[in-house]
Amino acid sequence: MKRLLLTTLLATLLTQLSFAQTEENCFASSTTILTLVTDHYGHEISWTLTGSGTVIASGACYPNNTTITETFELPDGEYTFTIYDSYGDGICCDYGEGSYTLENGGEEITSGGEYGNEETFTFCIDTEGVVMGCTDPTAHNYNPEANQDDGSCETCSDGILNGDEIEIDCGGMLCEPCNDCLSDPITTLVLRTDYYAYETSWAIIQEGGATVASGNGYANNTIYTIDLPLISGNYEFIIADTYGDGICCAYGSGYYTLSNGNTTIASGGAFTYREVTSFCIDADMPRLAGGRTSTTPTEKSEKVPITELDFNGMDFRIFPNPAQDELNLDLSLLKDIQNIHVVTATGKVVRTINPKDTKSAIDISQLDAGIYFVTIATTKGVLNQKFIKAK
Ligand SMILES: [Ca+2]
Ligand SMILES: [Ca+2]
Ligand SMILES: [Ca+2]
C-alpha cells in the first residue's frame, strides 16, 4: 500500500515535471538544425527524431570524425530526439571529440556527447504568434511587431552602408554623424594670380574667429604654393578680390586650389568679391626635432613664364566708382600711352593727366557731380571708362 502510494506520487510528480519542461522547451522557429560531429567510431552512432509517436527522421552508419548537418522543417507539435551508441560509450571523449547539437532559430534545444547507450530530449515547436524580423530597437529596420529576431538587423555597427547612413555606419537619422574631417596635417593652397594680383587676398579663419593664416600683396601672374600646417579644428577658407571680378578670366588665368593630402577642399577663380569654403581637420601635427610642432605656413612662388600668358586684350581700371574726391587709375595693362584726359559726358576736357604720373590719384574734388569719362589714347587706339562723380 505504502509502495503503491509512493509510486503514484512519483508518477504524478514526474508528469508535472515533464509538463513543465515541455512548456519551457518550446521553440518558435519552424526550422530545426542538427549538427553531429562523429568520433573515431562513427558506425556506433545513430539517432531518431519522433513526433506523435512516429519516427520522422533518423540517421545511422556515419563515417568517423566527420561533421554532419541535418535540417528539419517541423510543424507545431511535440518532438523527441534520441541519440544512440551501439557500444554504449557515447561519442565523447575516450575515442575522439564527438558531439551533437540541436538548435532552433539560433537557440540551442539540446546538446551533448558524453552519454552511454542513449540520450533523449523532448521539445516542442510553437510558431503561433511568432513574427520574424529585426528586434533591435536601435537598428534602421527595427520591426516593433517582431518577437523573433531573424538576423536581418541593419545597424550603425555592422560595417555596411545601409538604412539612410551617409557613409558606413554613420550619418542619417540613427547613426552618429560622419567624421568628414580631413586627416593630413598639411593643407596646401596653390594660388595663381592674374594681372591684378593686388586685388587678391585670402585667409583661413578658425572656428571662433581667429585668423590662423592669411596672404596678400602678391605679384602678378605668379604661382604660389603655400603649405599650411593646421591643427585639428573647424575652419573657413576665404579668398577675396577687392575689385569683385575674381582672378579669372578677363584679366589673366588666375586660380586657387586648397587641398589636404589628395583631397581638394576648394578650387576656382571665377568668383566675384569672395568665396568661402568650410572644412575641418582632424590630424596629428608633424613633430619637429625636440618634440615641437610647427604651425608656420611655408610659401614658395614661381613666375608664370611669359609665353604662358594668355591675356591679349588691353584695358585699364578706375576706382573707386562712384568717386568723390580722388580717382585712381590702374594702367598696368596698357602700353604706349599718348595722353590721358577726364572729360564730361559732352566731351569737354576737365582734367589732363601726365601719363608718367599715374601712380598718384586724380583730384576730382572740384568737379560738379555727374557722369564723366576717363579717356586714354594709345598708339593702338582710344579707351574709355565711365565714372560717376558723387556729391
Ligand atoms: Ca561510441
Ligand atoms: Ca551600417
Ligand atoms: Ca580681380
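We now turn to the structure provided with this report. (Residues numbered from 1 in each chain as written. Chains lettered and ligands numbered in written order. Predicted model: local features only at pLDDT ≥ 70, side-chain atom pairs only at ≥ 80, totals over all residues.)

### Let's talk about the overall build of the chain
A count of helical and extended segments in the chain gives one helix and 31 strands. Counting the 391 residues in the chain, one finds 20% classified as buried. Long-range contacts, defined here as pairs at least 24 residues apart, represent 60% of the contacts in the chain between residues at least 6 apart. (Helix = DSSP H or I, 4+ residues; strand = E, 2+ residues; numbered from the N terminus. Buried ≥ 20, exposed ≤ 12 C-beta atoms within 10 Å, placed from the backbone. Contact = placed C-beta atoms within 7 Å.)

### Topic: the sheet that holds strand E22 (residues 263-268)
Spatially, five strands are ordered E22-E21-E14-E17-E24 in an open sheet, and the strand pairing comes out antiparallel. Pairing within the sheet leaves two strands with one partner each, and these edge strands are E22 and strand E24 (298-303). For this sheet, the mean inter-axis angle between neighbouring strands, taken without regard to orientation, is 15°. Bridging between strand E14 (residues 186-192) and strand E17 (residues 222-229) involves seven bridges; their strand directions are antiparallel. Its bridge partner lying in E17, Leu-191 is registered against Tyr-224. (Pairing = 2+ DSSP bridges. Axes fitted to C-alpha atoms, helices over the stretch in contact; angles between N-to-C directions.)

### Topic: the nonpolar core
Formed by 21 residues in total, the largest nonpolar core has its most connected members in Leu-189, Leu-191, Ile-204, Leu-228, Tyr-235, Phe-237 and Tyr-256. At the level of secondary structure, the elements contributing two or more residues to this core comprise E14, strand E15 (200-206), E17, strand E18 (233-241), strand E21 (255-260) and strand E23 (274-281). Top element by residues in this core is E18. It accounts for three residues. Not counting residues within four places of it along the chain, the set of residues in contact with Leu-228 comprises Thr-187, Thr-188, Leu-189, Ile-204, Ala-213 and Pro-297. (Core = buried A, V, L, I, M, F, W, Y, C linked by C-beta atoms within 7 Å.)

### Things to note about the environment of Phe-271
Turning to its location among the elements, Phe-271 is positioned in the loop between E22 and E23. Sequence-wise, Phe-271 and Ala-240 are 31 residues apart; in three dimensions their C-alpha atoms are separated by 8.6 Å. Ignoring any residue separated from it by four or fewer positions in sequence, one finds Phe-271 in contact with Asp-241 and Gly-246.

### Some thoughts on the pairing of E17
Both E17 and E24 contribute to a ladder of six bridges, which runs antiparallel. By the bridge assignment for E24, Ile-226 is matched with Glu-299.

### Considering the pairing of strand E2 (residues 31-37)
When E2 meets strand E5 (residues 67-73), the two strands line up antiparallel, connected through seven bridges. Bridge pairing in E5 places Thr-31 opposite Glu-73.

### A look at the sheet that holds strand E29 (residues 362-363)
In spatial order, the strands read E25-E26-E29; together these three strands make up an open sheet with antiparallel pairing. In this open sheet, the two strands that pair with only one neighbour each are strand E25 (317-319) and E29. Sheet analysis places strand E26 (residues 326-330) next to E29, joined by two bridges and oriented antiparallel. Within E29, the position partnered with Leu-327 by the bridge is Ile-362.

### Some details on the environment of Cys-124
Along the chain, the position of Cys-124 falls in strand E11 (residues 118-125). Residue classification places Cys-124 among the partly exposed residues on the basis of 18 C-beta atoms within 10 Å. A C-alpha to C-alpha distance of 4.4 Å links Cys-124 and Cys-26, two positions 98 residues apart in sequence.

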